[in-house]
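Survey of secondary and tertiary structure
Here's the letter readout for the chains.
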Amino acid sequence: MSLVRLKIKGISYSQTQNGAYALILNEVEGDRKLPIVIGAFEAQSIAIALEKEIKPPRPLTHDLFKNFADRFQIVVKQVIIHKLVDGVFYSSIICEQDKVEEIIDARTSDAIALALRFDAPIFTYKTILDKAGIFLKFSPKENEENEEDDSIVVDEILQEGETVEIESGADTHGYREMSLDELHKELDKAVANEDYEKAAKLRDEISKRK
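Predicted model only: the values in this text are computed from it and were never measured.

**Comments concerning the nonpolar core**
- Leu-25, Leu-34, Ile-46, Ile-81, Phe-89 and Ile-93 are the most contacted members of the largest nonpolar core, which has 37 residues in total.
- Examining the composition of this core, we find that seven residues originate from one element, helix α3 (residues 108-118), more than from any other.
- In this view, Leu-34 contacts Leu-6, Leu-23, Ile-24, Leu-25, Ile-81, Phe-89, Leu-129, Ala-132 and Gly-133; residues no more than four positions away in its chain are not counted.
- In terms of nonpolar packing, the next biggest core, distinct from the first, is built from 11 residues, Ile-54, Leu-187, Ala-199 and Leu-202 among them.

Have a look at this one:
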């Protein structure tokens, strides 16, 4: 079976599932997206790995795993999303130590969080992408460019009857009214308090101003 390489398109809060986030993977050579519902902790960990400017005062679980692996010269070579059963994705982490490869079973959210920290590629099988991959609809916006991520709507997440909508730029915390200086101060406070969900939202607002 042929492998298809994926990259992370975005991650956002699910409006329909309390405490759930939608992770969107995009095929590198194509337009299909693979939406995966993940938990809040994993979403925060992935967001922090994506955003290099956010430095937790203490290592998160995935950072600790990376430090542990580095100490014992274990390298994550790649992550493969290899199975889809009843809407649940199953993944394997391909590791190497002393030129010996091992395959470790993992939740897809954990596997991706580790892949980011090891700069390891993420793959899935073409058959899975054919079955679960979707084309996202975009809402047209006038006089706005480079904002397509804000208008992404995920139509379906595999599990029958479940839908996930990604926030379309809603500003529930008044961040748009803050100056850049105020946003950076709030970001520093959020990181110091280990409130990474808030930190990720602040970082998104700061990125829009650049």
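**Some points on the pairing of strand β5 (residues 88-97)**
- Alignment of strand β4 (residues 75-85) against β5, held across nine bridges, turns out to be antiparallel. Note that in β5 the partner of Ile-81 across the bridge is Ser-91.
- Between β4 and β5, which pair antiparallel and follow one another directly, the connecting turn spans two residues, one of which, Asp-86, has a positive phi of 50°.
- As judged from the eight bridges shared by β5 and strand β6 (residues 100-107), these two strands associate in the antiparallel manner. Within the sheet, the bridge partner assigned to Ile-93 lies in β6 and is Ile-104.

**Topic: the packing of aromatic side chains**
- A complete count under the given rule lists one aromatic pair for this structure.
- Here Phe-68 and Phe-72 contribute two aromatic rings whose centre-to-centre distance is 4.9 Å and whose plane-to-plane angle is 40°, an arrangement assigned as tilted.
- Given the relative accessible area of 45%, Phe-72 is considered partly exposed.
- Above the plane of the ring of Phe-118 lies Lys-66, whose end atom (NZ or CZ) is 5.0 Å from the centre.
- Sitting over the ring of Tyr-90, Lys-83 keeps its end group 4.6 Å from the ring centre.

**Quick look at α3**
- The buried count for α3 comes to 11 of 11 residues, which makes it a mostly enclosed element.
- Of all the positions in α3, only Thr-108, Ser-109, Asp-110, Ala-111, Ile-112, Ala-113, Leu-114, Ala-115, Leu-116, Arg-117 and Phe-118 are classed as buried.

**Side note on the pairing of strand β7 (residues 122-125)**
- In β7, alternate side chains face the same way, and those of Ile-122 and Thr-124 on one face and Phe-123 and Tyr-125 on the other are all buried.
- By the bridge criterion, three bridges tie β4 to β7 in an arrangement that is parallel. Bridge pairing in β7 places Ile-81 opposite Thr-124.

**Digging into the side chain of Lys-66**
- By the element assignment, Lys-66 lies in helix α2 (residues 61-71).
- Leaving out residues up to four positions away in the same chain, Lys-66 has contacts with Arg-117 and Phe-118.

Rules and cut-offs
- Residues numbered from 1 in each chain as written.
- Predicted model: local features only at pLDDT ≥ 70, side-chain atom pairs only at ≥ 80, totals over all residues.
- Heavy atoms only, no water.
- Core = buried A, V, L, I, M, F, W, Y, C linked by side-chain atoms within 4.5 Å.
- Buried < 20%, exposed > 50% of the residue type's maximum accessible area, 1.4 Å probe, protein only.
- Helix = DSSP H or I, 4+ residues; strand = E, 2+ residues; numbered from the N terminus.
- Contact = heavy atoms within 4.5 Å.
- Pairing = 2+ DSSP bridges.
- Phe/Tyr/Trp six-rings, centres within 6.5 Å; stacked < 30°, edge-to-face > 60°.
- Lys NZ or Arg CZ within 6 Å of the ring centre and 35° of its normal.

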